[in-house]
Structures are given as C-alpha cells and as structure tokens.
Amino acid sequence: MLSPLQQGECLSVHSERTTHFMGTIHCHDDYELHLITGAAGAKRIVGDTVTTIGDAELVLITQSNLPHAWMRGRSTAEHSVLEVHFRPELFTGIADKSCFDGIRHMLELAASGLVFSSAMTARIRQDLLYLSATQDQLQQYTLFLNILNRLTEDTAAERIVGPGYVWDRNSQDSQSIATVKDYIFAHYNEEIYLKTLADLVGVEEQWLSARFKYKTGNTINDYINQVRLSHVARRLMNTEDPVATIANECGFPNLANFNRHFKRIKGTTPVAFRREYRTAKI
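Quick caveat: nothing in here was measured; it's all calculated off a predicted structure.

Student: How do you make sense of the pairing of strand β3 (residues 43-46) when you look at a structure like this?
Tutor: For a regular strand, the rule is simple: side chains alternate between the two faces of the sheet. Neither face of β3 is left uncovered, since the one carrying Lys43 and Ile45 and the one carrying Arg44 and Val46 both have all their residues buried. Of the strand pairs in this sheet, β3 and strand β4 (residues 49-52) are connected by four bridges, and their pairing is antiparallel. Pairing of Ile45 across the sheet is with Val50, part of β4. In sequence, β3 turns back onto β4 through a hairpin of two residues, with Gly47 there showing a positive phi of about 60°.

Student: So what exactly am I meant to see when it comes to the pattern of salt bridges here?
Tutor: If the charged atoms of two oppositely charged side chains come close together, the side chains can form a pair. Taken as a whole, this structure holds 11 salt bridges when the rule is applied. In this structure, Lys97 engages Asp96 in a salt bridge whose closest nitrogen and oxygen atoms are separated by 3.2 Å. According to the relative accessible area criterion, Lys97 is partly exposed, its value standing at 39%. Among the salt bridges present, the one from Arg104 reaches Asp101, with a minimum N-O distance of 2.2 Å. Linking Arg104 with Asp101, this pair stays in helix α1 (residues 101-109), spanning three residues, or about one helical turn. Given the relative accessible area of 29%, Arg104 is considered partly exposed. When salt bridges that share partners are traced, they join Arg235, Asp241 and Glu249 into one network.

Student: Is there a simple way to explain the pairing of strand β6 (residues 68-71) in this structure?
Tutor: The alternating pattern of β6 places His68 and Trp70 and Ala69 and Met71 on opposite faces, both of which are buried. The pairing of β3 with β6 spans four bridges and is classified as antiparallel. Paired with Val46 across the strands is His68, a residue of β6.

Student: Help me out: how do you make sense of the packing of helix α7 (residues 220-238) against helix α9 (residues 255-266) in this one?
Tutor: When two helices pack together, their arrangement is given by the angle between their axes and by how far apart the axes lie. Running from N to C, α7 and α9 point in directions that differ by 90°, and their axes come no closer than 10 Å. For the element pair α7 / α9, the angle class is roughly perpendicular. Packed against α7, whose contacting residues are Asp222, Asn225, Gln226, Leu229, Val232, Ala233 and Leu236, the element α9 presents Phe258, His261, Phe262, Arg264, Ile265 and Lys266 at the interface. For the contact of α7 with α9, a count of residues per class yields seven nonpolar, three polar and three charged.

Student: Honestly, helix α6 (residues 205-216) in this entry has me stumped. Any pointers?
Tutor: Note on helix geometry: an α-helix contains 3.6 residues per turn, so any two residues three or four positions apart are oriented the same way. With 12 residues, α6 extends 16 Å between its outermost C-alpha atoms, agreeing within 8% with the 16 Å of an ideal straight helix rising 1.5 Å per residue. When α6 is considered as a whole, its buried residues turn out to be Leu208, Phe212 and Thr216. Axial view of α6: buried residues confined to an arc of 30°, hence all on one face. Exposed residues pointing more than 90 degrees away from the buried face of α6 are listed as Gln206 and Tyr214. Buried positions along α6 lie against α4 (175-187), α5 (194-201) and α7. The positive-phi residue at the C-terminal boundary of α6 is Gly217, with phi of around 80°.

Student: I keep staring at the packing of aromatic side chains and nothing clicks. Help me out?
Tutor: By convention here, two paired aromatic rings are described through the distance between centres and the angle between planes. Under the defined criterion, the tally for this structure stands at nine aromatic pairs. Here Tyr31 and Phe86 contribute two aromatic rings whose centre-to-centre distance is 5.3 Å and whose plane-to-plane angle is 90°, an arrangement assigned as edge-to-face. Of this pair, Tyr31 sits in strand β2 (residues 31-37) while Phe86 sits in strand β7 (residues 79-86), and the two are 55 residues apart along the sequence. A residue is classified by how much of its surface remains accessible, and Tyr31, at 17% relative accessible area, is buried. Relative to Phe144, the ring of Phe86 has its centre 4.9 Å away and its plane inclined at 65°; by these criteria the two rings are edge-to-face. Here Phe86 is found in strand β7, whereas its partner Phe144 is found in helix α3 (residues 137-151), with 58 residues between them in sequence. Taking the relative accessible area as the measure of exposure, Phe144 reaches 0% and is therefore buried. Three or more aromatic residues joined by ring pairs form one cluster here, namely Tyr31, Phe86, Phe91, Phe100 and Phe144.

What counts as what
- Each chain has its residues counted from 1, running along the sequence as written.
- Thresholds applied to this predicted model are a pLDDT of at least 70 for local features of residues and 80 or more for the giving and counting of side-chain atom pairs; totals over whole chains, interfaces and linings are not thresholded and use all residues.
- Working from all heavy atoms in the structure, the side-chain values ignore hydrogens and water.
- Only protein chains enter the accessibility calculation, which uses a 1.4 Å probe; a residue is then buried when its area is under 20% of its type maximum, exposed when over 50%, and partly exposed in between.
- Put simply, DSSP marks the helices as runs of H or I at least four residues long and the strands as runs of E at least two long, and each gets a number from the N terminus on.
- Pairing between two strands is assigned when DSSP locates at least 2 bridges connecting them.
- By definition, a salt bridge exists where a carboxyl oxygen of Asp or Glu is found within 4 Å of a side-chain nitrogen of Lys or Arg.
- Angles run from 0 to 180 degrees between N-to-C directions of axes, and those axes are lines fitted to C-alpha atoms, restricted for helices to the stretch in contact.
- Any angle from 65 to 115 degrees is called roughly perpendicular, while one under 35 is roughly parallel, one over 145 is roughly antiparallel, and all others are oblique.
- When checking whether two residues touch, look at their non-hydrogen atoms; a contact exists if any pair is within 4.5 Å.
- Under the grouping applied here, Gly and all other residues not named as nonpolar or charged are polar, the nonpolar ones being Ala, Val, Leu, Ile, Met, Phe, Trp, Tyr, Cys and Pro and the charged ones Asp, Glu, Lys and Arg.
- Helix span, as expected, comes to 1.5 Å for every residue beyond the first.
- This arc is built from the directions going out from the helix axis to the C-beta atoms.
- Two aromatic rings, drawn from Phe, Tyr or Trp (for Trp, its six-membered ring), form a pair once their centres lie within 6.5 Å of each other, and the interplanar angle then sorts them: stacked below 30 degrees, edge-to-face above 60, tilted otherwise.

Put into structure tokens, the structure is as follows:
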C-alpha cells in the first residue's frame, strides 16, 4: 500500500465519516495510530489475529511486516476513522534523549501491534480530533508528541500479536537468543529439543531456558508453539487445506493437543478462526 505521507512529510493526519472499510489487508513502512469509533461488530485483522471490536478502539502499529485491516464484520453503521501516519524521522534530535524513553519503549512494543484500553481511548479521543483539525504543522507536531506521551501512561495497553508471530525477528535480543529464534523459525514443523538448542549456542540447557524466559517473557516451549500457531493461522486464512493437515505440517502431529494449544492462545477453535476471518472479508 502506498504511504499517505508526501515527499518530505513526517506526519499525516486524516479523518472521515464513512460506511466503508478499507477491506484490503496491507502493510506499509509508516507508523500508524488508528482510531475507529461507531463500528462495533467490525473485525480487526492484525498479523495472525482476527478480533471483533467494540464501539471504539485505538491501535498503534509500527512494523512494516505487520499486515492489517479493519473489515465490516457485523458492522453496518456509519463510523468515524482517524489515522495518523508518521515516520521515525519525526523524532530526529530527541529519540536518544532520556525524556523520550517512554515513547521509545511504547514504539518498540507496538512492533507487535498495540491496542489501548477503552479508558485511554476515551480520554485521548478529543485530543486526536483536535489534532486532525489543526492546520499549523508545528502545532500538530507538538500536539502529537503530547498525545504519544500520554499514551505511554496506559498500563492496560495490550500487544496484539504474540512474540512467536512469524515476522517478529527484529527484537534486540542477545546473539544466543537470536540464534535460537532463527533455528525455531527454520525448524518449527519438526521436533525441537532443548538440548539441540543449547548445543547450538554452546550453553547449558538450564541457562538457556532461564535466559530465554527473561529476554522474551515466554518459555521456549510456549514460544515454539506460538511460532507454529502463527504459521497455522496464516494457512487457515489463506488456504482451504484441512485443519488436520495444517496442524500436522506445522508441527502438531497430535490433533487434540493442537486444538488445545490453539484455543488457549487464539481464544477460539481453528474452524471458528477460519470462519471469522472469511466472514470479516465479506
């Protein structure tokens, strides 16, 4: 998808009332802050997730490999959309300052997509509307920095895709953890043993387990399952292959075990997930 940012621009704000949804799943290199209101029942697709949204939601996406879209779902009413697209150059000169630490951390989290709490969305909505009505570029810039700073206060904000998402390879891990992740991405559909991973990077199994959990917030087994399920989700979205076939080819030879893991992480069954995605695209 082409960027709405023009040559030389670092910030673009667009708002509209519409009955239409963008419909096409897309990626772009810009960062995007997306506010949608009055669209309860619509579907949000980000990465390998499909979610029914409420009346209002605010999402921040900062990764060019994170496909996303909002689709009609059960929503038929006119709704409001406000999009802020911006580039990292917007923060040139301040990104390395300590006062920017909170915003920088939030942008790192948003590489997995970040959905803000309903309370924060309600509090910040008027500021975003004011931002969209402001024509002065310098005033827009200062207002937007203030909005980002306020969003860092939302301790209830949640990442949308898990750390095992198939495109999530850009985190600032140590070389050992990065090597282990690369091996998991390359061999997700095979049996993966802790000893194999530990030998790969020349460390003790116990050290690797503890370090991996510290760096990623997940056990190695959980991470492997999330990577596998991310591949499963993409195939459920994009193919007509039987669920059992997909599960087996993505590293889950035991169908009952697969169904249990899928429901625990995705919150629904594989069949329902595929149906939700297809319904959202209509």
